[in-house]
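# Structural features, examined
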Amino acid sequence: MHQYDIQLKLHPDYGPNYEPIKDDPVFDPARHLALEHPEHMLSLAELGYGDEISGTTPTQVAATSCFRVLSDEGVEAMYHVCKQLEAFTTSNPRVARNTRGGVYRSAFLRDFSMCPDYVDHLSSILDTPLLPLPMGHQMAHLNYQPLTVGKDVDKWHYDTLQVDTVMFVTDPNKVEGGEFQYFKGTRDEMAHMHAEGTPFPTDRIESPKMPGPGYAVLMQGNYVVHQAKGLRAEGERITLVNGFSYADTNTPDYTALGQLFHADKPEVASAEYARHVALRCSRELAQIVNTPNFTDSAHTHAEHLARVRAELTQAIDQLNSAAGEEMRHFGTG
Ligand SMILES: [Fe+2]
């Protein structure tokens, strides 16, 4: 008998026809991971967020201190992969050199970014289940230092997604500058200061201590305003940003598609976003298909279907309006 089960793949069978890197190590969690917990966590309330964002996130953690993710062997393998991916950097109004979509070129990068041990570990830190972002260009983003010394790696901004890590692949202590920094305030405060031309209050800028390569910060990137400083002398700085979404479908999705059109080809970003939303909705619908609740009221069933419809409507609106949006950032400072 046919089961008609839908097989949902987090990563698609093929990408946008990108050439793979030549020498791709095999990712082995036992050898390449060295997961530790952060010592400190900053809450959304400490940044100044309150009831206005209730319902948009299942966790109160805004950002963590740095914690170890990769072993020494993992750092070596990741660096080897990132050096090959450096051949594919692109620019956008915020970042001089980044490689996006590396998961379509490197199985190592993809298998690390989707590794259940890694994702479960991050979920335990935030105390809510996470999923690797199925949008390949968002799942793993690489920043490389600009070729001009002193030029910032990335300007003040908040992210186009909900949760991400920022991990140093190169040793942050072997270069001058290149700090990752975040603003101890809300994104509205930063927007207001930027619009008024108010100088950034330096006492509210935090540069988390980065013990070495393979260490990361975990944050709610769409609520934590952050930047990456430039190097003050010649050197190498590579960071990997892994993107995640909340598995809890009661939390609405946040993807700033119009912003992604500046970083990726619009047709690629659109395909990934449509796929991401379809996957979220399919997971929710699959529950109704496979485990129907025969005691719920008609109203409850209608609520479930309406939630999926609302997410699809929001995605349709965004796909139809994303083109032409200006890139948002708050400059440097
Ligand atoms: Fe960011």
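Check the entry above for the structure.
Definitions and cut-offs
Residues numbered from 1 in each chain as written. Predicted model: local features only at pLDDT ≥ 70, side-chain atom pairs only at ≥ 80, totals over all residues. Helix = DSSP H or I, 4+ residues; strand = E, 2+ residues; numbered from the N terminus. Contact = placed C-beta atoms within 7 Å. Pairing = 2+ DSSP bridges. Axes fitted to C-alpha atoms, helices over the stretch in contact; angles between N-to-C directions. Parallel < 35°, antiparallel > 145°, perpendicular 65-115°, else oblique. Nonpolar A, V, L, I, M, F, W, Y, C, P; charged D, E, K, R; others polar. Buried ≥ 20, exposed ≤ 12 C-beta atoms within 10 Å, placed from the backbone. Arc of directions from axis to C-beta. Expected span 1.5 Å × (residues − 1).

Our focus in this paragraph is the overall build of the chain. Summing up its helical and strand segments, the chain has 10 helices and 13 strands in all. Summarising the internal contacts of the chain: among those between residues at least 6 apart in sequence, 86% fall at separations of at least 24.

Attention now goes to the sheet that holds strand 7 (residues 154-157). Strands sit in the order 7-12-9-10 across an open sheet of four strands; the sheet is antiparallel. Sheet topology places strand 7 and strand 10 (205-206) at the edges, where each strand pairs with a single neighbour. Examined bridge by bridge, strand 9 (residues 180-183) and strand 12 (residues 226-228) share three bridges and lie antiparallel to one another. Within strand 12, the position partnered with Phe180 by the bridge is Ala228.

For the rest of this paragraph, the subject is the packing of helix 9 (residues 266-290) against helix 10 (residues 298-321). The description of two packed helices rests on the angle between their axes and on the distance between the axes. Relative orientation of the contacting elements helix 9 and helix 10 amounts to 175°, with a least axis distance of 10 Å. Here helix 10 runs roughly antiparallel to helix 9, going by the angle between their axes. The residues of helix 10 that touch helix 9, namely those facing Ser270, Tyr273, Ala274, Val277, Arg280, Cys281, Glu284, Leu285 and Ile288, are His304, Val308, Glu311, Leu312, Ala315 and Leu319. For the contact of helix 9 with helix 10, a count of residues per class yields 10 nonpolar, two polar and three charged.

This brings us to helix 5 (residues 116-126). For helix 5, the full list of buried residues reads Tyr118, Leu122 and Leu126. Projection of helix 5 onto a plane perpendicular to its axis shows the buried side chains occupying an angular sector of 70°, all on one side. Opposite the buried face of helix 5, by more than 90 degrees, sit the exposed residues Pro116, Asp117 and Asp120. Of the residues one or two after helix 5, Asp127 is the one with positive phi, at around 60°.

The next subject is unusual backbone geometry. Not every positive phi belongs to a glycine, and Asn17 is a case in point at roughly 60°. If you trace the backbone, Asn17 turns up in the segment before helix 1 (29-32). For Asp127, which is not a glycine, the phi torsion comes out positive at approximately 60°. Relative to the helices and strands, Asp127 resides in the loop between helix 5 and strand 5 (130-132).

Turning our attention to the environment of Ser270. Along the polypeptide, Ser270 turns up in helix 9. You can call Ser270 partly exposed: it has 18 C-beta atoms within 10 Å. Through-space distance from the C-alpha of Ser270 to that of Ala96 is 23 Å; in sequence the pair is 174 residues apart.

Another aspect to go through is the pairing of strand 11 (residues 215-219). Of all five residues making up strand 11, five are buried, and the element is well covered by its neighbours. Where burial is concerned, the two faces of strand 11 agree: the one with Tyr215, Val217 and Met219 and the one with Ala216 and Leu218 are both buried. The pairing of strand 3 (residues 67-68) with strand 11 spans two bridges and is antiparallel. By the bridge assignment for strand 11, Arg68 is matched with Tyr215.

Further remarks concern the environment of Pro213. Among the secondary structure elements, Pro213 is positioned in the loop between strand 10 and strand 11. Expressed as a C-alpha distance, the spacing of Pro213 and Thr251, which sit 38 residues apart in the sequence, is 33 Å. Residues in contact with Pro213, not counting those within four places in the same chain, are Val75, Phe168, Val169, Thr170 and Asp171.

Residue pairs three or four apart in sequence face the same way in an α-helix, which turns once every 3.6 residues. Here helix 9 spans 35 Å end to end across 25 residues, near enough to the 36 Å set by a 1.5 Å rise per residue. Where helix 9 is buried, its residues contact helix 6 (136-139), helix 8 (257-263) and helix 10.

The subject of this paragraph is the pairing of strand 6 (residues 140-144). Most of strand 6 sits out of view: five of its five residues are buried. A two-sided burial pattern is seen for strand 6, the buried positions comprising Ala140, Leu142 and Tyr144 on one face and His141 and Asn143 on the other. Where strand 4 (residues 98-100) and strand 6 come together, three bridges link them in antiparallel fashion. Bridge pairing in strand 6 places Arg100 opposite His141.

So, about the environment of Thr170. Mapping Thr170 onto the fold places it in the loop between strand 8 (163-168) and strand 9. With 49 residues separating them along the chain, Thr170 and Met219 place their C-alpha atoms 20 Å apart. Aside from chain neighbours lying at most four places away, what touches Thr170 is Tyr79, Pro213, Glu236, Arg237 and Ile238.

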